[in-house]
Amino acid sequence: MNDLLFEEANMLLAYLRNEYKRIEDELSHMPSGRLTIARSRRWTKWYLHDGEKTSYLPKSESEFASIMARKRFSFRI
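A few points on the structure. (Residues numbered from 1 in each chain as written. Predicted model: local features only at pLDDT ≥ 70, side-chain atom pairs only at ≥ 80, totals over all residues. Heavy atoms only, no water.)

Bringing the sheet that holds strand S3 (residues 54-57) into the picture now. An order of S1-S2-S3 is seen for the three strands of this open sheet, with the pairing classed as antiparallel. Lying at the two open borders of the sheet, with one neighbouring strand each, are strand S1 (34-40) and S3. The mean angle between the axes of side-by-side strands here comes to 30°, regardless of whether they run parallel or antiparallel. Alignment of S1 against strand S2 (residues 43-49), held across seven bridges, turns out to be antiparallel. The partner of Arg39 across the bridge, within S2, is Thr44. (Pairing = 2+ DSSP bridges. Helix = DSSP H or I, 4+ residues; strand = E, 2+ residues; numbered from the N terminus. Axes fitted to C-alpha atoms, helices over the stretch in contact; angles between N-to-C directions.)

Quick look at the structure:
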């Protein structure tokens, strides 16, 4: 019984280590900065904060905004 629990704990630990490595790798390939999403009536606006300044992301940058939103909401950074 103890051997089974120990083996299960080791499998879970290995899974968590792999998941941590995958997330760390994915984060290392994402752009730096933090996305803020604001709604103004019926319009959605995206702003990128890079520590010192804030810049507006136009609608043509919606793909980039999606990547940054994934970074922010998937990894809670």
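Still to come is the rest of the account.
As a further point, take the pairing of S3. Here is the key point about a regular strand: its side chains alternate between the two faces of the sheet. Inspection of the sheet shows S2 paired to S3 by four bridges, in the antiparallel sense. If you follow Leu48 over to S3, its bridge partner there is Ser55. Linking S2 to S3, which pair antiparallel, is a turn of four residues; within it Gly51 sits at a positive phi near 100°.

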